[in-house]
Amino acid sequence: MAATEQTFVDTPAWYVYVCIYTWHKPSQKQNQTKLIMGTQCRETLLPPLQDLKVTIQNSCLVFPTHETAARRDSMFLSNIDQVLNFNVETVHFFASHADFPPQTVAEKIKDALGKILVSYDFLAGRLKLNAKTGRLEIDCNGAGAGFVVASSECTLDEIGDLVFPNAAFAKLVVNSLDSLVKDGKLLCIIQVTSFKCGGFAMGISTSHATFDGISFKTFLDNLAGLAGGKPLAVTPCNDRELLAARSPPRVTFPHPELVKLQTHLGQELSVPVFDATQEALDFKIFRLSSSNVSDIKEKAKTNPSSRISGFNAVTAHIWRCKALSHSQDPDRVSTILYAVNIRPRLIPPLPESYTGNAVLTAYANATGKELQEGPISKLVERVAEGSRRMTDEYARSAIDWGEIHKGIPHGDFLVSSWWKLGFDEVGYPWGCPKYSCPVVYHRKDILLLFPDIDDKNSVNVLVALPSKEMEKFEILFHKFLSA
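Everything numeric here is computed off the predicted structure, so don't read it as measured data. (Residues numbered from 1 in each chain as written. Predicted model: local features only at pLDDT ≥ 70, side-chain atom pairs only at ≥ 80, totals over all residues. Heavy atoms only, no water.)

### Side note on the overall build of the protein chain
Here's step 1: Each helix and strand in the protein chain was counted, giving 10 helices and 17 strands.
Here's step 2: Evaluated residue by residue, the protein chain yields a buried proportion of 59% over its 483 residues.
Here's step 3: Counting only carbon and sulfur atoms, one obtains 51% of the accessible surface of the protein chain, whose full area is about 19200 Å². (Helix = DSSP H or I, 4+ residues; strand = E, 2+ residues; numbered from the N terminus. Buried < 20%, exposed > 50% of the residue type's maximum accessible area, 1.4 Å probe, protein only. Areas by Shrake-Rupley, 256 points an atom, 1.4 Å probe, with all protein chains shown as cover.)

Encoded structure:
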């Protein structure tokens, strides 16, 4: 991440609290995706393939290559981890490599998975509910992670635009191996799928309770290193008690960004934080070029020496478009949510190698009048203010709030950013991915930021809205961009 943007989890979804339930299946009433050509809408010449013709060749469990001296029976999960009991799926696409055919890649990844499970022993464990404490924890029983080898009858070129979040990418990830596992849900499954062209995809499904976006990137760096015969790039910090609630818990701030949970802590949630709409949704990708982002940052400066992060600028821009496309009421207050990395904000700071979820929900408020008439600088400042609010004491207060109320994020909509996570910068023996993305579905109340496949300083904004709201969003997007 750029130095000015390290406080934000450019996820996750990941990853946060904030990305909760991006992954639920879409309503059957949603429309097929519409891609309207325009100067700022990403153009796709061919419709995405709906069937990648994937066949599972074999699947198995992979176990740690050896036990460590520090083997433990269970892993404590923080209050942040507790409410993230669902899977996150990512796909990493690679071009063909003469020295690394897909079969060789699969063997190397499988071997690396066994080695990495020594340091990441919890990934070979199973989630369980501690009857005494009523808390979810990980049973570090070494029961194994999943590994799958598959093949597709398609080529990478036939798949088309990898930036386009094709629902068919779900076939490149397996999130359960029920035929092999009888002792609980797997916390990690890796699938290697070969394409006819010699390229391949690595699909990874992990429980969100195990990683946030930053720690997952570290995991990928370590997996890539082990696949190349190197030692771990970073030794993981697996001590989740670093984010344990205080005893007794002390809630020292109001937390309007959180709402009480209606189910017991540790249970898998069946109702999403942002309910899946039953409305028919249009879906568009709006591209902000690096020059667009720079222009917004310049407009947001209150003096020549001001430093504006790209995330803050983009978030402020799409905030006003999303809120005003829904309501033009000048007095209505809009609340936007986004994620903040608390590792460097705690006293003492958390290790950068902390493996758990170390992100909390920040929020910003503005009235319809402020969003419509106010300068972009004011909205950018509101977003920045939400990040600055996340001090050590505020973060500890939020964690303690979760201890008492078992809560989840609450707002009008959220921005989930994968923009600067750098998954496509991981250096494997066969090179970096052509593109990395989550398997996502269209959600009205979640705006996703994805990196551009050609320019890392450009960003793609994925928006799903009812048709009339989408028309307003597009008009506002151009209007405020050119203002």
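### Topic: empty space enclosed by the protein
Here's step 1: There is about 60 Å³ of room inside the largest cavity.
Here's step 2: Together, 12 residues line the largest cavity, and Tyr441, His442, Arg443, Ile446 and Leu448 are the ones closest to its centre.
Here's step 3: Contributions of two or more residues to the lining of the largest cavity are made by strand E16 (446–451) and strand E17 (459–465).
Here's step 4: No other element matches the three residues that E17 contributes to the lining of the largest cavity.
Here's step 5: Of the residues assigned to the lining of the largest cavity, the class counts are nine nonpolar, two polar and one charged.
Here's step 6: Reported here for the second largest cavity is a volume of approximately 40 Å³.
Here's step 7: Lining the second largest cavity we find Ala323, Leu324, Ser327, Asp329, Arg332, Ser334, Thr367, Gly368 and Leu371.
Here's step 8: Those elements that provide at least two residues to the lining of the second largest cavity are helix H6 (310–326) and helix H7 (368–373). (1 Å grid on protein atoms, 1.4 Å probe; cavity = no way out; pocket = protein on both sides within 12 Å on 5 of 7 lines; lining within 4 Å. Points joined across faces, edges and corners; volume = space filled by probe spheres on them. Nonpolar A, V, L, I, M, F, W, Y, C, P; charged D, E, K, R; others polar.)

### Quick notes on the packing of helix H5 (residues 290–300) against H6
Here's step 1: Axis separation between H5 and H6 bottoms out at 9 Å; the angle between their running directions is 85°. Viewed along their axes, H5 and H6 adopt a mutual orientation that is roughly perpendicular. Taken together, the residues of H6 that come into contact with H5 (itself represented by Val293, Ile296 and Lys297) are Gly310, Ala313, Val314 and His317.
Here's step 2: Classifying every residue of the contact of H5 with H6 gives four nonpolar, two polar and one charged. (Axes fitted to C-alpha atoms, helices over the stretch in contact; angles between N-to-C directions. Parallel < 35°, antiparallel > 145°, perpendicular 65-115°, else oblique. Contact = heavy atoms within 4.5 Å.)

### Some words on the sheet that holds strand E5 (residues 136–139)
Here's step 1: Pairing is antiparallel across the open sheet formed by three strands, whose spatial order is E2-E5-E4. Every interior strand has two partners, whereas the edge strands, strand E2 (74–76) and strand E4 (126–129), have only one. For this sheet, the mean inter-axis angle between neighbouring strands, taken without regard to orientation, is 40°.
Here's step 2: The pairing of E2 with E5 spans three bridges and is classified as antiparallel. Looking at the pairing, serine 74 lines up with aspartate 139 of E5. (Pairing = 2+ DSSP bridges.)

### Thoughts on the packing of H5 against helix H8 (residues 376–388)
Here's step 1: For the pair H5 and H8, the least separation of the axes is 7 Å and the interaxial angle reads 95°. Classified by the angle between their axes, H5 and H8 sit roughly perpendicular to one another. In this structure, H5 contributes Ile296, Lys299 and Ala300 to the contact, and H8 contributes Ile376, Ser377 and Val380.
Here's step 2: Of the residues that constitute the contact of H5 with H8, the class distribution is four nonpolar, one polar and one charged.

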